[in-house]
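# Per-entry structural report
Listed below, chain by chain, are the residues.
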Amino acid sequence: MATLKSKTSDRPEELSDDEEIVLPADTMLILQQFLQEKASKERSDEANVEPAECFEENWQLSQFWYNETTKQKLALIVKSLQDLNTSDEFKVALLSAPSAFKHVASENKDAVLFEFDERFAAFGDNFQQYDYNKAYDPEYLDTFANQFDLVIADPPFLSEECIEKIGVIVKKITKQNGKTVLCSGAVVEDWAKQHLDVTVCQFRPEHERNLGNEFRSYANFDLDSILNKEP
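Residues numbered from 1 in each chain as written. Predicted model: local features only at pLDDT ≥ 70, side-chain atom pairs only at ≥ 80, totals over all residues. Heavy atoms only, no water.

If you check an unreviewed UniProt entry, the protein appears there as Protein-lysine N-methyltransferase from Anopheles dirus. The Sequence similarities (unreviewed entry) comment attached to the protein in UniProt states, word for word, "Belongs to the class I-like SAM-binding methyltransferase superfamily. EFM5 family." (UniProt positions renumbered as here; feature names shortened; annotations may be inferred.)

Here it is as structure tokens:
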């Protein structure tokens, strides 16, 4: 049983500093359950906050949040593909695209965010810290091999090295015949085709801030036909 010290009082009917209040075991259990539920709710509320509102962009990590239209379109791609899926589950991974997580997770609650920035551990089991520079390390991310039906990737840097290593990770974690969406600069088109087997699409991702580089989307399926469908 737990004990609580009382406050000092000059009145004789109240407890002195040397006396203790003893809580019954069942009362203490209820108190502990309440505190645990309160802490759990706070963690849940924190995880459900829009990343772009909860966290500032870290430009040193090349983080640039998508605008609302782009986030909605990425969520629509997820919804459309899983509606067409014939199996019992449809697993989605986001690589370095934290600002799209809430919208994607609204369509697929088990979506996993792979992100270098550990601030996003606030998403709990939906978060996996990763570093694309470890792509060629033996057994790296092997626990996720062939796990995902759809991978949406936004490599942090517009270099062939980055695209190549992201390609290694995407191919490892994607199921056979899985779908890949790449959001990146127009300058990576040849590298994207070489390392991820994706081709350029009409859909152009946009950001909350105007960036100097022209951004495009790439996919290994007809992404545009999904986005161009009448609602």
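### Concerning the overall build of the protein
The number of helices and strands found in the protein is 7 helices and 9 strands. Out of the 231 residues belonging to the protein, those deemed buried represent 43%. Pairs at least 24 residues apart make up 61% of the contacts formed inside the protein by residues separated by at least 6 positions. Carbon and sulfur atoms form 47% of the exposed surface of the protein, whose accessible area is close to 13600 Å². (Helix = DSSP H or I, 4+ residues; strand = E, 2+ residues; numbered from the N terminus. Buried < 20%, exposed > 50% of the residue type's maximum accessible area, 1.4 Å probe, protein only. Contact = heavy atoms within 4.5 Å. Areas by Shrake-Rupley, 256 points an atom, 1.4 Å probe, with all protein chains shown as cover.)

### Notes on the sheet that holds strand β4 (residues 112–115)
Spatial ordering of the open sheet is given by β5-β4-β3-β6-β7-β9-β8, a layout of 7 strands whose pairing is mixed. Each edge of the sheet is formed by a strand with only one pairing partner; in this case those strands are β5 (127–129) and β8 (199–200). As paired elements, strand β7 (residues 174–185) and strand β9 (residues 215–219) share 5 bridges and run antiparallel to each other. Paired with V181 across the strands is A219, a residue of β9. Of the strands in this sheet, β3 (92–95), β6 (148–153) and β7 are in contact with helix α3 (residues 68–84), which crosses β6 at around 170 degrees. Its contacts with the sheet place helix α5 (residues 160–173) against β3, β4, β6 and β7, and it is angled at close to 150 degrees to β7. (Pairing = 2+ DSSP bridges. Axes fitted to C-alpha atoms, helices over the stretch in contact; angles between N-to-C directions.)

### As for the nonpolar core
Judged by nonpolar contacts, the single largest core of 30 residues is most densely connected at L74, L150, F221 and L223. Mapped by element, the contributors of at least two residues to this core are α3, β3, α4 (101–107), β6, β7 and α7 (223–227). The element that contributes the greatest number of residues to this core is α3, accounting for 4 residues. Excluding residues that lie within four positions of it along the chain, L150 makes contacts with V78, L81, F90, K91, V92, A93, K179, T180 and V181. (Core = buried A, V, L, I, M, F, W, Y, C linked by side-chain atoms within 4.5 Å.)

### A few points about unusual backbone geometry
A positive phi angle is found at E139, which is not glycine, with a value near 65 degrees. Unusually for a residue other than glycine, N146 sits at a positive phi of about 55 degrees. In this structure, N146 sits in the loop between β5 and β6.

### What about the pairing of β9?
With 5 of its 5 residues buried, β9 lies for the most part within the structure. Going residue by residue along β9, you find F215, S217 and A219 tucked away on one face and R216 and Y218 tucked away on the opposite face as well. In terms of strand pairing, β8 meets β9 through 2 bridges, oriented antiparallel. Along β9, the bridge assignment pairs V200 with Y218.

### Observations concerning the pattern of salt bridges
A complete count under the given rule lists 10 salt bridges for this structure. With a closest N to O distance of 3.9 Å, E68 and K71 form a salt bridge. With E68 and K71 both in helix α3, this residue pair falls 3 residues apart, about one helical turn. Owing to a relative accessible area of 3%, K71 belongs among the buried residues under this scheme. A single salt-bridge network, built from bridges that share partners, covers R204, E214 and R216. (Salt bridge = Lys/Arg side-chain N within 4 Å of Asp/Glu carboxyl O.)

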